[in-house]
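Structure at a glance
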Amino acid sequence: MKEASPVKKIAHLPVHVAIVPDGNGRWAERRGLPRLMGHRAGVKNMRTIIEYLNDYGIKYVTLYGFSSENWARPKDEVDGLFQILKERIEQDVPKLHKKGVRVRHLGRLHELPDWLQKSVREAMALTEQNTGLVLNLAFNYGGKLEIVDAVRRIIADGVPPDKVDEKLFSNYLYTAGLPDVDLLIRTGDELRLSNFLIWQTAYSEYYFTDVLWPDFNKKDIDKALIAYSHRERRFGALL
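Presented here is a report on the structure given in the accompanying data block. Everything numeric here is computed off the predicted structure, so don't read it as measured data.

Overview of the overall build of the protein chain
Of the regular secondary structure elements, the protein chain holds 7 helices and 6 strands. Across the protein chain, helices and strands are ordered from the amino to the carboxyl terminus as β-α-α-β-α-β-α-β-α-α-β-β-α. On C-alpha atoms alone, the protein chain measures out to a radius of gyration of 18 Å, which is about the 18 Å that the 2.2 N^0.38 rule sets for 239 residues. The C-alpha extent of the protein chain, read off along each of the three principal axes, is 60 × 50 × 35 Å. Taken across its 239 residues, the protein chain has 50% of its residues classed as buried. Partitioning the contacts of the protein chain with sequence separation of at least 6, the portion at a separation of at least 24 is 77%. For the protein chain, the exposed area adds up to about 12600 Å²; of that, 52% sits on carbon and sulfur atoms. With 36 positive and 32 negative side-chain charges, the protein chain shows a separation of 4 Å between the mean positions of the two kinds.

This is the structure:
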């Protein structure tokens, strides 16, 4: 039976939502399944959540799919995850394209296998003219690496030190042109950022849940957005 969860009327919605979809491996292990089955279930769930956030009118969504530290996992798991991502891109992006979603990549794309790079580039090319929700796939991404890459580009461009400020620095990040994150959601009962968007989340609101990512559904999104709507964002000032 299809899940029924109409969009709720919430007064204050975030513009940019970032998600750390944690708990795929544990979801599989609790069911006696291989870890890759958990990743498959988790990646499949991404489209459901993206479409629901799109229904809410959220403008930007950034998903943490594979960190620069995840290369340390067993090769079979890494290779399997890459294959799953390729399959889902080919199946889901055309459907998201019809909904006006634009796909972007954050991270070191050139370090991924050529065949996966091709799928990601084709997804970006297909959707580049879309004006709806912007979906940022953080794949082979690391917050510290992003800052290092930005510094390298600033130096390479010969920018004088006295010209470097927060605005200029932001324009050298992978997320150049995107607003900072308003709401960061992390599933799987972990209470850390894990090197994700460490510059862009300086003043984000955090929402942590013990729900494992493959089980994270529309009602859980409702809870996160309602919690956000009750926060008072002061950005260091007094209200």
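With respect to the packing of aromatic side chains
The description of an aromatic ring pair uses the distance of the two centres, along with the angle that the planes make with each other. Applying the stated criterion to the full structure yields 13 aromatic pairs. Between Tyr64 and Phe196, the ring centres sit 4.2 Å apart and the planes meet at 10 degrees, which makes this aromatic pair stacked. One end of the pair, Tyr64, is in strand S2 (residues 60–67); the other, Phe196, is in the loop between strand S5 (183–186) and strand S6 (205–208), and 132 residues separate them in sequence. When the centroid spacing of 5.9 Å and the interplanar angle of 75 degrees are considered together, the rings of Tyr206 and Phe208 count as edge-to-face. Since its relative accessible area comes to 29%, Tyr206 is described here as partly exposed. For Phe208, a relative accessible area of 31% translates into the label partly exposed.

Describing empty space enclosed by the protein
Under the criterion given, the structure shown has 1 cavity of 30 Å³ or more. Empty space within the largest cavity amounts to approximately 150 Å³. Contributions of two or more residues to the lining of the largest cavity are made by helix H2 (35–56), helix H3 (75–98) and strand S4 (134–141). The element that contributes the greatest number of residues to the lining of the largest cavity is H3, accounting for 6 residues. Of the residues belonging to the lining of the largest cavity, the class tally is 11 nonpolar, no polar and 3 charged.

Parameters and conventions
- Every chain begins its residue count from 1, and numbering advances along the sequence as written.
- This being a predicted model, a pLDDT of at least 70 is required before a residue's local features are given, and a value of 80 or more before pairs of side-chain atoms are given or counted; all residues contribute to the totals for chains, interfaces and linings.
- Hydrogens and waters are ignored; side-chain quantities use all the structure's heavy atoms.
- Helix and strand definitions here come from DSSP, where helices need a minimum of 4 consecutive H or I residues and strands a minimum of 2 consecutive E residues; each element is numbered from the N-terminal end.
- Computation of the radius of gyration draws on C-alpha atoms alone. For the globule rule, the value is 2.2 Å times the number of residues to the power 0.38.
- Exposed residues in this analysis have more than 50% of their type's maximum accessible area, buried residues have under 20%, and partly exposed residues fall in between, with area computed by a 1.4 Å probe over protein chains only.
- Residue contacts are counted whenever heavy atoms from the two residues lie within 4.5 Å of one another.
- Here the accessible surface of atoms and residues is derived via Shrake-Rupley with a 1.4 Å probe, and residues count as covered only by protein chains that are part of the display.
- In this count, Lys and Arg are taken as positive residues and Asp and Glu as negative ones, while His and the chain termini are left out.
- For charged residues, the charge sits on one atom: NZ in Lys, CZ in Arg, CG in Asp, CD in Glu.
- Any two rings among Phe, Tyr and Trp, with Trp reduced to its six-membered ring, count as a pair given centres within 6.5 Å; such a pair is stacked if its planes are under 30 degrees apart, edge-to-face if over 60, and tilted if neither.
- Grid spacing is 1 Å over the protein atoms alone, the probe is 1.4 Å, and a cavity is where that probe fits but cannot get out, while a pocket is an open set with protein on both sides within 12 Å along at least five of seven lines and lining residues have an atom within 4 Å of a point.
- Grid points are joined across faces, edges and corners, and a volume is the space filled by probe spheres set on the points.
- Following the grouping adopted for this structure description, the nonpolar residues are Ala, Val, Leu, Ile, Met, Phe, Trp, Tyr, Cys and Pro, the charged ones are Asp, Glu, Lys and Arg, and the polar ones are all others, Gly among them.

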